Amino acid sequence: MFGTKKQCLGAFFIVWGSETMFEPSKHCSTISNNVSGDFRQNEQAMAEVEPLDWKEIDVRLGEVEPEIAREVLLDLLTDDISPVIALSRLLLALGGAQETEELLAAVARRWGRPLDPRLREMAVLLHDHREGCDRVADMLREHPDPLRMSGPPEEIVATFRRFFDRSVTRNEEASVAAYSLGDPGILSQVTEEVVAQLRAWDLLGPDRSTLEIGCGIGRMQAALSPYVGEAHGIDISPKMVETARRRCAGLPNVSFSVSSGRDLADFPAERFDLVYAVDSFPYVHQAGPEVVETHFHEAARVLKPGGEFVILHFSYRDSTEEDRAEVRKLSRAAGFTLVMNGAQPFKLWDGVAFRMRKG
Ligand SMILES: C[S@@+](CC[C@H](N)C(=O)[O-])C[C@H]1O[C@@H](n2cnc3c(N)ncnc32)[C@H](O)[C@@H]1O
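Everything in this summary refers to the structure shown in the same document.

Conventions we followed
Residues numbered from 1 in each chain as written. Predicted model: local features only at pLDDT ≥ 70, side-chain atom pairs only at ≥ 80, totals over all residues. Heavy atoms only, no water. Helix = DSSP H or I, 4+ residues; strand = E, 2+ residues; numbered from the N terminus. Buried < 20%, exposed > 50% of the residue type's maximum accessible area, 1.4 Å probe, protein only. Contact = heavy atoms within 4.5 Å. Areas by Shrake-Rupley, 256 points an atom, 1.4 Å probe, with all protein chains shown as cover. Near = heavy atom within 4 Å. Polar contact = N/O pair within 3.5 Å; in protein donor to acceptor, adjacent residues only side chain to side chain. Nonpolar A, V, L, I, M, F, W, Y, C, P; charged D, E, K, R; others polar. Expected span 1.5 Å × (residues − 1). Disulfide = S-S within 2.5 Å. Pairing = 2+ DSSP bridges. Phe/Tyr/Trp six-rings, centres within 6.5 Å; stacked < 30°, edge-to-face > 60°. Axes fitted to C-alpha atoms, helices over the stretch in contact; angles between N-to-C directions. Parallel < 35°, antiparallel > 145°, perpendicular 65-115°, else oblique. Left-handed = near helix turned anticlockwise from the far one by under 90°. Salt bridge = Lys/Arg side-chain N within 4 Å of Asp/Glu carboxyl O.

**With respect to the overall build of the protein chain**
Phase 1 of the analysis: A tally of helices and strands in the protein chain yields 17 helices and seven strands.
Phase 2 of the analysis: Relative to its full complement of 359 residues, the protein chain shows a buried share of 55%.
Phase 3 of the analysis: Here the contacts in the protein chain between residues at least 6 apart in sequence split such that 68% fall between residues at least 24 apart.
Phase 4 of the analysis: Surface summary for the protein chain: the accessible area is close to 15,800 Å², and the carbon and sulfur share equals 50%.

**Brief notes about the site of the ligand**
Phase 1 of the analysis: Neighbouring the ligand are 18 residues, the closest being Glu212, Gly214, Arg219, Asp235 and Val278.
Phase 2 of the analysis: Asp235 has a polar side-chain atom sitting 2.6 Å from an oxygen atom of the ligand.
Phase 3 of the analysis: In this structure, Gly261 approaches the ligand through a main-chain N or O atom, which is 3.1 Å from a nitrogen atom.
Phase 4 of the analysis: Starting from 590 Å² of accessible surface for the ligand in isolation, the protein chains cover 98%.
Phase 5 of the analysis: Those elements that provide at least two residues to the shell around the ligand are strand E1 (205–213) and helix H15 (281–286).
Phase 6 of the analysis: Split into classes, the residues belonging to the shell around the ligand amount to nine nonpolar, five polar and four charged.

**What to know about helix H8 (residues 117–128)**
Phase 1 of the analysis: Its twelve residues give H8 an end-to-end C-alpha distance of 16 Å, which sits within 8% of 16 Å, the value for a rise of 1.5 Å per residue.
Phase 2 of the analysis: The buried fraction of H8 is high, at eleven of twelve residues.
Phase 3 of the analysis: Within H8, the full set of buried residues consists of Pro117, Arg118, Leu119, Arg120, Glu121, Met122, Ala123, Val124, Leu125, Leu126 and Asp128.
Phase 4 of the analysis: For H8, the side-chain oxygen to backbone nitrogen distance between the N-cap and Arg118 is 2.7 Å, and the N-cap itself is Asp116.

**Describing the state of the cysteines**
Phase 1 of the analysis: If you walk through the whole model with that rule in mind, you get zero disulfides.
Phase 2 of the analysis: For the unlinked cysteine Cys248, the closest cysteine sulfur is that of Cys215, found at 8.6 Å.

**Observations regarding the pairing of strand E5 (residues 303–312)**
Phase 1 of the analysis: The buried fraction of E5 amounts to seven of the ten residues, a majority that puts the element mostly inside the structure.
Phase 2 of the analysis: In the sheet, strand E4 (residues 272–278) pairs with E5 via six bridges, with the strands oriented parallel. Note on E5: the bridge partner recorded for Ala277 is Ile311.
Phase 3 of the analysis: The sheet contact formed by E5 and strand E7 (residues 353–358) spans five bridges and is antiparallel. What sits directly across from Phe309, in E7, is Met356.

**Section: the packing of aromatic side chains**
To describe a pair of aromatic rings, you give the distance between the ring centres and the angle between the ring planes.
Phase 1 of the analysis: Tallying each qualifying case throughout the model produces 13 aromatic pairs.
Phase 2 of the analysis: A centroid spacing of 5.0 Å and a plane angle of 75° characterise the contact between Phe163 and Phe164, whose relative ring orientation is edge-to-face. Take Phe163 and Phe164: they sit in the same class, and that class is buried.
Phase 3 of the analysis: Plain terms: the ring middles of Phe281 and Phe296 are 5.9 Å apart, the flat faces sit at 85° to each other, and that makes the pair edge-to-face. Placement of the pair is Phe281 in helix H15 and Phe296 in helix H16 (residues 289–302), with a sequence separation of 15 residues. Each member of the pair, Phe281 as well as Phe296, is classed as buried.

**With respect to the packing of helix H5 (residues 67–77) against helix H7 (residues 97–111)**
Phase 1 of the analysis: Following both chains from N to C, one finds H5 and H7 inclined at 55°, their axes separated by 12 Å at the closest point. In terms of orientation, H5 lies oblique with respect to H7. Crossing geometry of H5 relative to H7 is assigned as right-handed. Contacts from Ala69, Leu73 and Leu77 in H5 reach Leu103, Leu104, Val107 and Trp111 in H7.
Phase 2 of the analysis: Looking at the contact of H5 with H7 residue by residue, the classes come out as seven nonpolar, no polar and no charged.

**Concerning the pattern of salt bridges**
Phase 1 of the analysis: The full count for this structure, using the stated rule, is 24 salt bridges.
Phase 2 of the analysis: Salt-bridge contacts for Asp79 lead to Arg118; the nearest nitrogen and oxygen are separated by 2.8 Å. Taken together, the residues span a long stretch of sequence, with Asp79 in the loop between H5 and helix H6 (83–94) and Arg118 in helix H8 at a distance of 39 residues.
Phase 3 of the analysis: Take Asp79: its relative accessible area is 55%, and that puts it in the exposed class.
Phase 4 of the analysis: By relative accessible area, which is 9% here, Arg118 ends up buried.
Phase 5 of the analysis: Linked through salt bridges whose partners overlap, the residues forming this network are Glu172, Glu173, Arg246 and Arg247.

Pasting the structure below:
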């Protein structure tokens, strides 16, 4: 799907016109492998480029409008975020694939050569996933605006239920992760990164029971299945749960159920060794402080002593400092020991990690 030199050249010419800013063979081996194989191969290309400091990057970028797009590019070029995350953020900031392509073309013209491999990778991702990018941009446009939501928790939960019920029927991968660009290969690389981190934290094992809040299409359960005794997922969206059941059919230690989105009342005390939320807690957070507090107390209740509550992304407010302060307060009130408060342990994904231990 991604590999030939012709396709790579196509990406180059479409995005940057006729100037020769890169060597096709090098570009192809790096980028096409990155997309279909391993993103980390971009590190090899990076090693061949002279590193620029923040000021030089700033000058080379020049004027970029809107400011939010400039911030995304700065985050990318200072290695704060990966090309897939940067691309999904640009799609959100600019509203579409066409606008993103035009902005990248202008940036590339100003940048000169050699073009930074991260910018190059983003442009090729956009070209190779044009349809997925359009779909992601549509979904992002329809996503309820977190800043404009108000009302009782059940109304907010219902709004998200409708949104996710609709999104999953359009594209399963994009409905749970815009950065996947609708590509199962991209999503599974990020999933592997999350699983590797959970393993490194020693949270998995054949005797462990796990619960994910907001499981979506069940990608985490499918990936965790070989490493745990039980992988259960709950979600407010019946269509997500239906999809997850289909995708995980045949995995005997995986199960799913539809939840109210307001508590964990379906489970008895001390039932799980790990309760976690991947990119879903911001939706819980949107439902209001009472629902957030309830989830902390409920997680403490359903966890066995020594079990952990892990949240990867806590809120939409874009302030890790404020998230840290709130998580510190909530975890103390629920009787947790805070083990990690807002670290960023991932390379491909930009998930911010919070870990709390019971007892
Ligand atoms: C961005 S998706 C992430 C799905 C999954 N965790 C993943 O990373 O693939 C967010 C999911 O959270 C679910 N969700 C939203 N609010 C929820 C709530 N209050 N309780 C449980 N699930 C919720 C949505 O239906 C959606 O499936």
